[in-house]
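Spelled out, the chains give:
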Amino acid sequence: PFARAQARYTRKLEELVNRLSRVMTLSDVADLALLNWDTVKEIVKRRLRRDYGRIDLKGVRYLSIDEIHVGKRRGYYTLVLDIQSGRILWVSPGRGKAGLVGFWRRLRRGRVRIQAVALDMSGAYAAAVAEGLPGVALVFDRFHVIQLMNERLDDLRREMVREAEGPLKMAIKGTRYLLLMRAANLAEDELPRLEQALKLNEPLSQGWYLKEELSLLWEQKSYADMNRFLKQWCDQAQQSGVRQLQKMAKTLQLHRRGILNWWTHPINNGRMEGTNNKIKTLNRQAYGYRDEDFFILRLLGLHESRYKLSG
C-alpha cells in the first residue's frame, strides 16, 4: 500500500518530488532528495502524463495562438493558450497550419464553441484559424500592431539618418529609444532632445505623432468610433507621403476587421507573451530537453510552476 508495484520508491517520496518540482528545477529536486536526475524525471513525467495527457477543453471560449523558437535543434513549436485560465491547451512541433490540424480535430470531437481567437498579424495562423474555425472572430493583438508601427518608425529613422548631414544628422542619431517610447513614459530631461529631433525633421515628426495617436485606437467609446478613428488615421498616413507610414496604413486596412473585433472581444496575447518568457526560462534552466514527450508535458503543466527555490 505504501509503494506502487515494482517501484523503488514510496508513494510519499513520489508526492514530495512532485510537490517540489512545482517550485524547483529537477536538478535541485534530485540534489535535495538524494535521487538520480532520471528517477526524478520519471516520477514527474508519470504525474504530468496522468494530469495533462488529455487536456479537458470544457468551458474554453477564448484562445491565443502563437509560435515559439526553442533552439536550433528543436526549432519552432505552435502553442494554443486558454486566455481565461492561462493554461496551455496544445503544443505541436512546427509552425503554421500543420501545427493546428490535430487541435481542430479535438475541438470538434469535444463540441467546444470558441468565440474568438487572439493572434498576431501572421497570415499563416489567420488562414489556419479561418479554415479550422469558420465563423470565429479573429482579434489581432494590440501589442503586435503597436510593435509593427514601431518597426516602421524605426525604419524611417534609419533612412533619415542615412540621408541627413551635419547638425540634422547629429540631432536624429541616437534617438531610437526616445522615438519608440510612449511620450508619457519619458523623463522630463529626455523631452527636449526628442522635441529638437522632431522639429528638424518633418517626416520623422509625422511618424512619431501618428505612432502616439495610434495607441488611442483602443480607447474609443464605441465600435463606430473605433472604426471612424482607424479610417481617419489611415487617411492621415496615406496623405503624409511618407513611404513607411503609407505601408503601415495599407497593413491596417488589410487587417481592419480583425483589429476592430477587439471592441466585441477585448482579448489580447498578453498571457501568451508571459508564457513564452516562462518557456524560455524553463528551457534555459534545463539546458534543453532530449525527451520531446517530456518537454511537451512540461509545457502543458507550465501554469502550475512557480519557481521559488533554486540552487
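About the criteria used
- Residues numbered from 1 in each chain as written.
- Predicted model: local features only at pLDDT ≥ 70, side-chain atom pairs only at ≥ 80, totals over all residues.
- Heavy atoms only, no water.
- Buried < 20%, exposed > 50% of the residue type's maximum accessible area, 1.4 Å probe, protein only.
- Helix = DSSP H or I, 4+ residues; strand = E, 2+ residues; numbered from the N terminus.
- Pairing = 2+ DSSP bridges.
- Right-handed = clockwise from strand over helix to strand, strands pointing away.

As for the pairing of strand E3 (residues 88–93)
Item 1. In terms of burial, E3 is largely enclosed, as five of its six residues are buried.
Item 2. Here strand E2 (residues 76–82) pairs with E3 via five bridges, running antiparallel. Paired with Leu 79 across the bridge in E3 is Val 91.
Item 3. Where E2 folds back on E3, the antiparallel hairpin that results is connected by five residues, among which Gly 86 adopts a positive phi of roughly 80°.

Comments concerning the pairing of strand E4 (residues 116–119)
Item 1. The side-chain alternation of E4 yields two buried faces, one formed by Ala 116 and Ala 118 and the other by Val 117 and Leu 119.
Item 2. Pairing of strand E1 (residues 62–69) with E4, which is carried by three bridges, proceeds in the parallel orientation. Of the residues in E4, the one forming a bridge with Ser 64 is Ala 118.
Item 3. Alignment of E4 against strand E5 (residues 137–140), held across four bridges, turns out to be parallel. Residue pairing in the sheet places Ala 118 in a bridge with Val 139 of E5.
Item 4. The parallel pair E4 and E5 is bridged by helix H5 (residues 123–132), and the resulting crossover is right-handed.

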